[in-house]
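Reading the structure
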Amino acid sequence: MARVLGTSIKRREDPALITGRGKYTDDLKAEGMAHAAIVRSPYAHARIRGIDTSGAEALPGVLAVLTARDVAAAGIPGVVPVGWLLPDLKTPAHPMIAADTVRHVGDAVAVVVAEDRYLARDAADRVAVDYEPLDAVADVVAALEDGAPAVHEEAPGNVAFDWEIGEREPVDTAFASAAHTVELDLRNNRLIPHAIEPRAVLASFDSSTGEMTIHMTSQNPHVHRLLMTLASLGMPEHKVRIVAPEVGGGFGSKIHHYADEAIVGLCSMKLDRPVKWTATRTETNLTDAHGRDHSTRCALALDADGRITGLRVDTAAAMGAYLSTFAPAVPTYLYGTLMSGQYDIPAIHCHVTGVFTHTAPVDAYRGAGRPEATYVVERLMHLAGEATGLGPVEVRRRNFVSPDAFPYQTQVALAYDSGNYGPAMDRALEMIGYDDLRSQQASRRDNGGKQIGIGFSSYIEACGLAPSAVVGSLGAQAGQWESADVRVHPTASVTVYTGSSSHGQGHETTFSQIVADKLGIDPEAVEVIHGDTDLVQFGMGTYGSRSAAVGGSAIVKSVEKIIEKGKKIAAHLLEASAEDLEYEDGSFRVAGSPDRALALGDVALQAYLAHNYPDDLEPGLSATSFYDPANFTYPFGTHVCVVEVDTETGSIDLLRYAAVDDVGNVINPMIVDGQLHGGLAQGIGQALWENAVYDESGQLVSGSLMDYAVPKIHNLIPFELDRTTTPCPHNPLGVKGVGEAGAIASPAAVVNAVVDALAPYGISHIDMPLTPEKVWRAVNA
Amino acid sequence: MYPAQFDYRRAGSVDEALSLLQENEDAKLMAGGHSLIPMMKLRLAQPPVVIDIGRLDELKGISEANGSVRVGSLTTHADIAASDVLAAHCPVLAEAAGHIGDAQVRNRGTIGGNIAHADPGSDIPPVLVLLGASVHLQSPSGTRSVAAGDFFQDLLMTDVGEDEILTHVEAPALGAGTGAAYLKFEHPASGYAVVGAAAAVTVQGGRCTGAGLVVGGVSATPTTVDVSSLVGTDLSDDAIAAAASGLDAEDPIGDIFASGDYRVHVGKVYGKRALAAARDRA
């Protein structure tokens, strides 16, 4: 059997998706299905004086109009909870439907259910809500100012939490004696995730059984079921089935539990009919949890040799109007803990204030905290290269954690298990032809005209969310394992039930490769089932680049159990001792007696035909495992971006983008490359184009794709990819995760490149996105 | 994205379309539907009746006769961009059409629908104004034509009357010694022109004998720049830059991507570059 791990077999998911046969939530139809439209606040902050639903109810075909009053009358918990806690976190209630106050444009105030979706929309326009508009604050810095409008009474000063990591005093000492210091005020721009498939739900309640099946756009159906039943609908968990059919991208936005899905569930319960709702693109933009939105002051201290002595970071992180599922964890456990980057930094202090604003909630979006941390560290490293005169390459190299220093304990809780940072940078320099580029840059500078710049980002990420021991010790009150049930059928084909939940990543392909490799069978003999709470044991789902490292490891654990069990069965059949059996290339063999062997198929068949087993041997050949990682995994790499800046207009052209990533062992190189491509597109998008903009009254002015620039294929260039391989030492596959790497590394690489191009103009920073006008104004300042 | 209820009528001829327009108050004509339908989905437009003229073959096609080109209003951007007739006689119009949207949009969208919608970021209007094209309209009372420069009246407003259908545009073919170019500064989200500069110059015996520059995107309607100072010059870079810097707009358009001041600045830069490209093609 040829090895299947590390080979680019084609994605088995694609034939159905490419030919349009994939079934997404909105494709599903149920007998008697009605349609919901949600009435949303047009104000960022207002008191609801009254709601008149009679105009909507009068339309023929309208089945129900529900408001907060109906939620209360239903006697259900009726709230949308936050899932991750911090010490002293303010947790004001987030009602499913706003009762007396709306807190962002798009906040749900009522829902209309009608026989068709056009009618539902017409009726929604006839729900008359009497608002008393109140002052709003959308900006994260303005929300912290004295006298800013309060988002929640329970959170004075709009502070949701005040969190720190590392120690302040050693950092102050380092700055006091520094030979060089660099500092930066920066904004990390707010992003809208923009999964191509909008959120959608089809809830089907059946009063005769008291059961409800909910098909929805979910990255983690079991977590959605838990939050939906416990906090929103108050149904017994075993009476609710959540199914994620094909899911068209998530990037984090489909992790979270939203009001809308719970509202549609309530509608189905009230009407005893299936009810469907699919977000319009406008609703998606107004209500999907956004990403990033930080304001940060940061500084780096270095000694005379250019070695970092201290790092200080102070961040205000927007939470939006309510705390979304993961929200408090993102700018803390996934941000402050990453501040050491690839560098040996003896003193770090990071202080983060979580801030309520009258906007859509902010939560995990591809990278979640780690792009923000990388941006801080790598922008400072660029400035440090300038301030010390060492340049961007040498200042990084001089500060890399030495390859013999692993495991390396950072000053911000994380212990890096493995790494070797120099070779990835060397390879990137070689690919890009660094010295030649620098001479081209010099001649452009002499001749004027369009300038070129070279930007670096040597990033680290912590993925494989999340080792319970590590995050638990920081006060998270939650950790994350993953589950796998692997069943070998009598004919030796295999079904895997995984708790992770693919929404485009190709788990069916890669997980079948893992099983095929470990059992020595054809990947085509392995089926992978995911995304259904009735079929699959409790699982945590897919996010945080965790599915291979955590979900894949759970599968390996189950396969190992199956091999052990198979050895016992084979030993019984071969009249040998189980200790003498080994498993290789799909066969159980007695060591030293090569002719005494049984193929997996023989053992599997006998596992189910068993009639003469000894008392201590159970029939069957399957195993369930729950795998809790010992640590995060720590992918790293160096990305180099080359840009050309038209100083006359400020517009930027990408010329080159080289990425050398170390994601540990690779299961399917094609899928890994694809993940990098997508992540790079989104990270470059953040750097150059994407920006969620609220005006002072809290209106989302970039609320459509006419104003919010998602990167398109013609905006990008072919990426030059390569890898180094440093296997993860603490999981059985040696894999680390790759889903977010591109989005984490690239914003800093792009901005550093533009700033490098504009160095002759005395420009040291421009906030993202680097729109032509901003660049032009900086050049002409 | 669900439009309000509307009735749909499909016209089998221009005459039928004209009578449907008369019979149905506030009806909207639909050609390729690429401007109207998005407005209806956002409920910014809620016409009670949509009259589909998309299948009227009599309004499609590109031809050249007597030194002018004629483009039917239902001709798609893709057909204009790929037209041999235009490549020979008026390549700048094809060049501009090739910048519109993406392949799918160009396959559905039409020149008539485009200019009747009159988006300030559209690529076609500045080119038509530059060329001195005429827009031809038909109503129950007859036909008339209007100069492109007068056709575009304000943001999303044109000279088309409520009872009229836009049938075709006509533009003079570019003569020998004339070069023209359209350069676009594209909005990264919408794909519309933040600035679109259309320029033409005629050169005889090494001297400029005629020059034009029209810039779209800066104002509600295409802005004509007086570049007559180029006539008689050898079209040096300095002369071109000086001429293009004459772009002026009283109330330039601004949005979160590009302010009015910045648009005017980019208009001057792109005007200069478009003139230089036109010179190099003359």
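For every chain, the first residue of the written sequence is number 1, and numbering continues from 1 along that sequence. Chain letters start at A and ligand numbers start at 1, both assigned in the order the entries are written. Residue-level local features of this predicted model are given only where pLDDT is at least 70; pairs of side-chain atoms are given and counted only at 80 or more, and the full residue set underlies all totals for whole chains, interfaces and linings. Derived side-chain values reflect all non-hydrogen atoms in the structure, with water molecules and hydrogen atoms excluded from consideration.

1. Concerning the packing of helix α10 (residues 391-399) of chain A against helix α11 (residues 421-432) of chain A
Residue and element names in this part refer to chain A. Helix axes are fitted only over the stretch in contact, all axes being lines through C-alpha atoms; the angle between N-to-C directions runs from 0 to 180 degrees. Where helices and strands are cited, they refer to DSSP runs of H or I of at least four residues and of E of at least two residues respectively, numbered from the N terminus. Where α10 meets α11, the closest approach of the two axes is 10 Å, and the angle between their N-to-C directions is 165°. Classified by the interaxial angle, the pair formed by α10 and α11 is roughly antiparallel. Here α10 and α11 pass one another in a crossing that is left-handed. Of the residues in α11, those in contact with V393, R396 and R397 of α10 are G422, M425, D426 and L429. Grouping the amino acids of the contact of α10 with α11 by side-chain chemistry returns three nonpolar, one polar and three charged. Note that the term roughly parallel is reserved for angles under 35 degrees, roughly antiparallel for angles over 145, roughly perpendicular for angles of 65 to 115, and oblique for everything else. Two helices that cross are described as forming a left-handed crossing if the nearer one is turned anticlockwise from the farther one by less than a right angle, and a right-handed crossing if clockwise. The contact criterion used throughout is that any non-hydrogen atoms of two residues lie within 4.5 Å. Any residue outside Ala, Val, Leu, Ile, Met, Phe, Trp, Tyr, Cys, Pro, Asp, Glu, Lys and Arg is labelled polar, Gly included; the first ten of those are nonpolar and the last four are charged.

2. Things to note about the nonpolar core
Side chains of a nonpolar character, in soluble globular proteins, are inclined to be buried together. Residue and element names in this part refer to chain A. What we call a nonpolar core is a set of buried Ala, Val, Leu, Ile, Met, Phe, Trp, Tyr and Cys residues that are connected through their side-chain atoms within 4.5 Å. For the exposure calls, accessible area comes from a 1.4 Å probe over protein chains only, and a residue counts as buried if that area is under 20% of its type's maximum, exposed if over 50%, partly exposed in between. Counting 119 residues, the largest nonpolar core has L300, L311, M339, F632, Y657, I684 and L688 as its most contacted members. Domain extents, as shown, originate in an automatic or database domain assignment. Taken domain by domain, the makeup of this core includes at least three residues from each of domain 1 (14-134 + 196-249 + 254-287) and domain 2 (294-465 + 631-779). Residues in contact with L311, not counting those within four places in the same chain, are V171, F175, A299, L300, M339, I345, A347, I348, H349, V377 and L380. Membership of the second largest hydrophobic core comes to 45 residues, among which are V515, L574, A607 and A623.

3. Some points on the sheet that holds strand β4 (residues 62-65) of chain B
All names here are of chain B. Across the sheet, which stays open at both edges, the five strands sit in the order β4-β5-β10-β6-β7 with antiparallel pairing between neighbours. Each having just a single partner strand, β4 and β7 (142-147) make up the two edges of the open sheet. Mean inter-strand twist for the sheet, computed between neighbouring axes without regard to direction, equals 25°. Paired strands, as defined in this entry, are two strands with at least two bridges between them according to DSSP.

4. Quick look at the packing of aromatic side chains
All names here are of chain A. Ring geometry is summarised as follows: Phe, Tyr and Trp rings, the Trp one being its six-membered ring, pair when their centres sit within 6.5 Å, and such pairs are stacked at plane angles under 30 degrees, edge-to-face over 60 and tilted between the two. Using the criterion set out here, one finds 21 aromatic pairs over all chains in the structure. Taken together, the aromatic side chains of W84, W163, F326, Y333 and Y543 make up a single cluster linked through ring pairs. Two thresholds decide whether a charge sits over a ring: the Lys NZ or Arg CZ must be within 6 Å of the ring centre and within 35 degrees of the ring normal. If you follow R312 out to its NZ or CZ, it ends over the ring of F175, 4.2 Å from the centre. Above the plane of the ring of Y497 lies R487, whose end atom (NZ or CZ) is 4.0 Å from the centre.

5. Examining the domain arrangement of chain A
Residues and elements named next belong to chain A. Along its sequence, chain A is organised into domain 1 (14-134 + 196-249 + 254-287), domain 2 (294-465 + 631-779) and domain 3 (481-627). With centres defined by C-alpha atoms, the gap from domain 1 to domain 3 works out at 39 Å. Taken together, the 17 residues of domain 1 in the interface contact 15 residues of domain 3. Buried area between domain 1 and domain 3, both sides added, is near 1300 Å², and the carbon and sulfur share of it is 55%. Here the buried area means the combined drop in accessible surface, using a 1.4 Å probe, for two parts upon being joined, counting both sides. Of all residues in domain 1, the largest losses of buried area upon contact with domain 3 belong to Q219, H222 and R241, amounting jointly to 45% of the total for that side. By definition here, a salt bridge exists when the distance from a side-chain nitrogen of Lys or Arg to a carboxyl oxygen of Asp or Glu is within 4 Å. Counting across the domain 1 and domain 3 interface gives two salt bridges. Across the pair R241 and D534 runs a salt bridge whose closest N-O atoms are separated by 3.8 Å.

6. Comments concerning the interface of chain B and chain A
In this complex, chain B contributes 24 residues to the contact, which on the side of chain A involves 29 residues. Between chain B and chain A, a total of about 2300 Å² is buried, with carbon and sulfur atoms accounting for 56% of that surface. Interface area lost by chain B to chain A is led by Y2, I256 and Y262 of chain B, which between them contribute 28%. The tally of links from chain B across to chain A stands at five salt bridges. Across the pair R43 of chain B and D122 of chain A runs a salt bridge, and its minimum N-O distance is 2.8 Å. Nitrogen and oxygen atoms within 3.5 Å of one another constitute a polar contact, given that in protein one can donate a hydrogen and the other can accept it, and given that sequence-neighbouring residues count only through two side-chain atoms. Inspection of the chain B/chain A interface yields 14 residue pairs in polar contact (both at pLDDT 80 or more). Within the residue set of the side of chain B that touches chain A, elements represented by two or more residues are β11 (178-186) and α11 (260-281) of chain B.

7. Some points on the sheet that holds strand β18 (residues 451-460) of chain A
All names here are of chain A. Reading across from one edge, β18-β26-β27-β28 is the order of the four strands in this open sheet, with mixed pairing throughout. Looking at which strands have only one partner, the edges of the open sheet turn out to be β18 and β28 (720-723). Between one strand and the next, the sheet's axes are offset by a mean angle of 15°, whatever the strand orientation. Summarising the sheet, β18 and strand β26 (residues 636-646) pair through ten bridges and their orientation is antiparallel. Following the sheet pairing, G453 is matched in β26 by V643.

8. Topic: the domain arrangement of chain B
A common way to express how large an interface is: the accessible area buried when the components associate. Taken as a whole, chain B is organised into domain 1 (7-52), domain 2 (60-172) and domain 3 (178-281). The gap between the C-alpha centroids of domain 1 of chain B and domain 3 of chain B is 35 Å.

9. Section: the environment of R3 of chain A
For R3 of chain A, the location among the structural elements is in the segment before α1 (14-18). Sequence spacing of R3 of chain A and I521 of chain A is 518 residues, and the spatial spacing of their C-alpha atoms is 9.7 Å.

10. Points about unusual backbone geometry
Residue and element names in this part refer to chain A. Note the cis peptide between F406 and P407, where omega equals 0°. Positionally, P407 belongs in the loop between α10 and β16 (408-409). In the segment running from L465 into A466, the intervening peptide bond is cis, with an omega of -15°. In this structure, A466 sits in the loop between β18 and α13 (468-473).

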